[in-house]
Amino acid sequence: MNKNFILSKLADAIDQSKWDEGRNQYLLKRIKQEKEIANSDKLYLEKIFGIKISNVKYDLEKKKKKISKKIEAFF
């Protein structure tokens, strides 16, 4: 699924005060920051937009680096 499409739809929903405005703003922020969203949030987006969201892609290298730094800091 195209990230920009989802961002556009969420922004429209917020502008039109549709669905759960707080959740929409939260998801908009998470997706913009390329942070992972919960499965329940993916289901919410599928329901309100009537589309199938197989996976919102994120930069896995960033996650790997964060994990590596945490491991290094631990030892």
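None of these values were measured; they are calculated from a predicted model. (Residues numbered from 1 in each chain as written. Predicted model: local features only at pLDDT ≥ 70, side-chain atom pairs only at ≥ 80, totals over all residues. Heavy atoms only, no water.)

Draft legend 1. Expanded view of the nonpolar core. Counting 13 residues, the largest nonpolar core has Ile6, Leu10, Leu27, Ile31 and Leu45 as the members making the most contacts within it. Elements that contribute at least two residues to this core include exactly α1 (3–15), α2 (21–32) and α3 (39–49). (Core = buried A, V, L, I, M, F, W, Y, C linked by side-chain atoms within 4.5 Å. Buried < 20%, exposed > 50% of the residue type's maximum accessible area, 1.4 Å probe, protein only. Helix = DSSP H or I, 4+ residues; strand = E, 2+ residues; numbered from the N terminus.)

Draft legend 2. Quick look at the pattern of salt bridges. Summed over all chains, the structure comprises one salt bridge. A salt bridge links arginine 23 to aspartate 41; the nearest nitrogen and oxygen atoms lie 2.8 Å apart. Pair noted here: arginine 23 is in helix α2 and aspartate 41 is in helix α3, with a separation of 18 residues, a long-range link. On the basis of relative accessibility, which here comes to 26%, the residue arginine 23 falls in the partly exposed class. (Salt bridge = Lys/Arg side-chain N within 4 Å of Asp/Glu carboxyl O.)

Draft legend 3. Structural context of the packing of aromatic side chains. The full count for this structure, using the stated rule, is one aromatic pair. Measuring from centroid to centroid gives 6.0 Å for tryptophan 19 and phenylalanine 49, while their planes differ by 90°, and the two rings are edge-to-face. One end of the pair, tryptophan 19, is in the loop between α1 and α2; the other, phenylalanine 49, is in helix α3, and 30 residues separate them in sequence. By relative accessible area, which is 15% here, phenylalanine 49 ends up buried. The ring of tyrosine 44 has arginine 23 sitting right over it, with the charged end atom 4.3 Å from the ring centre. (Phe/Tyr/Trp six-rings, centres within 6.5 Å; stacked < 30°, edge-to-face > 60°. Lys NZ or Arg CZ within 6 Å of the ring centre and 35° of its normal.)

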